[in-house]
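Notes for the structure review
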Amino acid sequence: MDISTPETTLTVGEAADRVGLTTYTLRWYEQEGLVAPVGRDSAGRRRYTAGDVNWLFLLTRLRRTGMPVRDMRRYAELARQGDSTLGARRALFEAHRARVLERMADLEEDLKVLDHKIDAYRRAEKGTR
C-alpha cells in the first residue's frame, strides 16, 4: 500500500508570485536554460515543485546581486552536471562575490557623497529661515 502524498505544486503564476518574478520572466528563465524543464500536468500546464521554487529563489538572488545571465546560465549548466563540477561552481560564486563586494564598496562611497549633499542642503535650509 502506497501512503505517500503527491507533492504540492504551483502554477506558473503562483510560482512567479512566490519568487517575485513576472510569469513572462519565469518562462524566459526556462527558455534561456536557467531552469531545467519544469514538470507539466495532464493538460500540459507547467507545475513548479518546491525544488523548482528554491532554484528560482537562488536565481533571483544572483540576478539581484548583478550576476550576468551568461554566468547564471553557466552555473545552471554546471549544477546539472552534478558533483564533479563543485569546484567550478564554487569558483564562479567566489568571483561573483568579489564583484559584489567591490560594488558594495563603490556604493558606500556613493552614499557618503549623498549624505554630504543632504547635510549641506539641511545646513543651507536652516540658514535661509
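Treat the numbers as computed from the prediction; the structure is a model and nothing was measured. (Residues numbered from 1 in each chain as written. Predicted model: local features only at pLDDT ≥ 70, side-chain atom pairs only at ≥ 80, totals over all residues. Heavy atoms only, no water.)

Digging into the environment of Ala76
- Along the chain, Ala76 turns up in helix α4 (residues 69–81).
- Judged by relative accessible area, Ala76 falls into the buried class, the value being 1%.
- As for Ala76 and Leu59, which are separated by 17 residues in sequence, their C-alpha atoms are 9.3 Å apart.
- Contacts of Ala76, omitting those with residues within four sequence positions, involve Gly33, Leu34 and Trp55. (Helix = DSSP H or I, 4+ residues; strand = E, 2+ residues; numbered from the N terminus. Buried < 20%, exposed > 50% of the residue type's maximum accessible area, 1.4 Å probe, protein only. Contact = heavy atoms within 4.5 Å.)

Thoughts on helix α1 (residues 12–19)
- All of the buried residues along α1 are Val12, Ala15, Ala16 and Val19. Angularly, the buried residues of α1 cover 100° about the axis, an arc narrow enough to put them on a single face. Along α1, the residues that are exposed and aim more than 90 degrees away from the buried face are Asp17 and Arg18.
- Against the buried residues of α1 lie α2 (23–31) and α3 (50–64).
- The first or second residue beyond α1 is Gly20, which carries a positive phi of 80°. (Arc of directions from axis to C-beta.)

Details of the side chain of Thr85
- Within the element layout of this structure, Thr85 appears in the loop between α4 and α5 (86–127).
- The class of Thr85 is buried, set by a relative accessible area of 6%.
- Setting aside chain neighbours within four positions, we find Thr85 in contact with Leu78 and Ala79.

Description of the packing of α1 against α3
- Relative to each other, α1 and α3 sit at 45°, their axes nearing to 10 Å. One way to sum up the angle between α1 and α3 is to call them oblique. In this structure, α1 crosses over α3, and the sense of that crossing is right-handed. Here α1 contributes Ala15, Arg18 and Val19 to the contact with α3, which in turn contributes Val53, Leu56, Phe57 and Thr60.
- When the residues that make up the contact of α1 with α3 are grouped by side-chain class, the tally is 5 nonpolar, 1 polar and 1 charged. (Axes fitted to C-alpha atoms, helices over the stretch in contact; angles between N-to-C directions. Parallel < 35°, antiparallel > 145°, perpendicular 65-115°, else oblique. Left-handed = near helix turned anticlockwise from the far one by under 90°. Nonpolar A, V, L, I, M, F, W, Y, C, P; charged D, E, K, R; others polar.)

Details of the environment of Val69
- Mapping Val69 onto the fold places it in helix α4.
- Put simply, Val69 and Leu59 are 10 residues apart on the chain and 9.5 Å apart in space, counted from C-alpha to C-alpha.

Points about the pattern of salt bridges
- Applying the stated criterion to the full structure yields 8 salt bridges.
- In this structure, Arg45 engages Asp41 in a salt bridge whose closest nitrogen and oxygen atoms are separated by 3.1 Å.
- A residue is classified by how much of its surface remains accessible, and Arg45, at 54% relative accessible area, is exposed.
- By relative accessible area, which is 23% here, Asp41 ends up partly exposed.
- Of the charged contacts, one joins Asp71 and Arg99 as a salt bridge, the two residues approaching to 3.3 Å between their closest N and O atoms. With a gap of 28 residues between them, Asp71 in helix α4 and Arg99 in helix α5 connect regions that are remote in the sequence.
- Arg99 sits in the partly exposed class, given a relative accessible area of 37%. (Salt bridge = Lys/Arg side-chain N within 4 Å of Asp/Glu carboxyl O.)

Such coordinate-based values are descriptive only and should not be taken to indicate function.
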